[in-house]
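Summary of the model geometry
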Amino acid sequence: MSLPTRQVCIAKQFTRSLTKANSKKLPVQLLQDYPPHGVKGQIIEVAPAFMRNVLHVDNKACYITKEHGPRIPVFTPPKVTTPAPAKTKKAPAPKSGKVDATPALSLDELSSLFSNMKSGSKSRRGSPQAAAKATPDSLPESLLYSFDDIPKPATLAALSTFLSEATKVEFLEDGLGIEDSEGAILSEVSKPGRYTCDIKVADGKPIKRKLVLY
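The name given to the protein chain in an unreviewed UniProt entry is Ribosomal protein L9 domain-containing protein, with Candidozyma haemuli as the source organism. Entered under Sequence similarities (unreviewed entry) in the UniProt record, the comment concerning the protein chain runs "Belongs to the bacterial ribosomal protein bL9 family."

In structure tokens:
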């Protein structure tokens, strides 16, 4: 290897060692505000070349070593804390429960309900003989009653007795047939809803009436 080539290799190795040594940052104290690196009195770490060529010029900073500590009172910047996101309350989930099967009443059905209430109050105020004179024609088109008021179990015989006493119309024995809204013949009513009644009375033909249990 010739002498110039050997010198070039040595120079490259020396340059790499200097670069590696200079890559380590060293602590310095700022003697004046120097944004954005820091403020007066703050201790920061910078590259040696930056300290030597920039900060040390015009006495902007001083070295911090084991022998030489801070030259002026140390300023410690306050820590910036990010506020935690506010917790949002979740809306309570709707409580699962039984679906209300009570049918909504139409205006005609409400009118029939009020008529039943009036006729019931009149019959209670009148004599038993006058109440017993009710005829099948006096039955309203819709018979409305609370499901809680009918006897349980609501068999055909129990409903026949209940409706006969409520309407003051004499039903024949086994004189009540009930169908649901889909046309199925029932032997017992187990829930509120709209039903069709085939009523057999003592002195007339079978009549049909709507039964609404709310």
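After presenting the structure, the write-up continues.
1. Topic: helix α5 (residues 156-167)
The end-to-end C-alpha separation of α5 is 16 Å, in line with the 16 Å expected for 12 residues at 1.5 Å each. Along α5, the positions that sit buried rather than exposed are Leu 159, Ser 160, Phe 162, Leu 163 and Thr 167. One side of α5 holds all its buried residues, which, seen down the axis, span an arc of 170°. Exposed residues lying more than 90 degrees from the buried face of α5 are Ala 157 and Glu 165. Of the residues trailing α5, Lys 168 is marked for its positive phi of about 65°.

2. Considering helix α2 (residues 48-55)
For α2, every residue scored as buried is listed here: Pro 48, Met 51 and Leu 55. Viewed along the axis of α2, the buried residues span an arc of 105°, placing them on a single side of the element.

3. Points about the nonpolar core
Core analysis: the largest hydrophobic core is formed by 21 residues, its most contacted members being Leu 163, Ile 178, Val 189, Ile 199, Leu 211 and Leu 213. Those elements that place two or more of their residues in this core are β4 (142-145), α5, β6 (171-179), β9 (193-201) and β10 (207-213). Among the elements that line this core, the one with the most residues is β9, at 4 residues. In this structure Val 189 touches Phe 147, Ala 154, Leu 159, Ile 178, Tyr 195 and Leu 213, once residues within four positions along its chain are discounted. Val 28, Leu 30, Val 46 and Ala 61 belong to the second-largest nonpolar core, a separate cluster that totals 7 residues.

Definitions and cut-offs
Residues numbered from 1 in each chain as written. Predicted model: local features only at pLDDT ≥ 70, side-chain atom pairs only at ≥ 80, totals over all residues. Heavy atoms only, no water. UniProt positions renumbered as here; feature names shortened; annotations may be inferred. Helix = DSSP H or I, 4+ residues; strand = E, 2+ residues; numbered from the N terminus. Expected span 1.5 Å × (residues − 1). Buried < 20%, exposed > 50% of the residue type's maximum accessible area, 1.4 Å probe, protein only. Arc of directions from axis to C-beta. Core = buried A, V, L, I, M, F, W, Y, C linked by side-chain atoms within 4.5 Å. Contact = heavy atoms within 4.5 Å.

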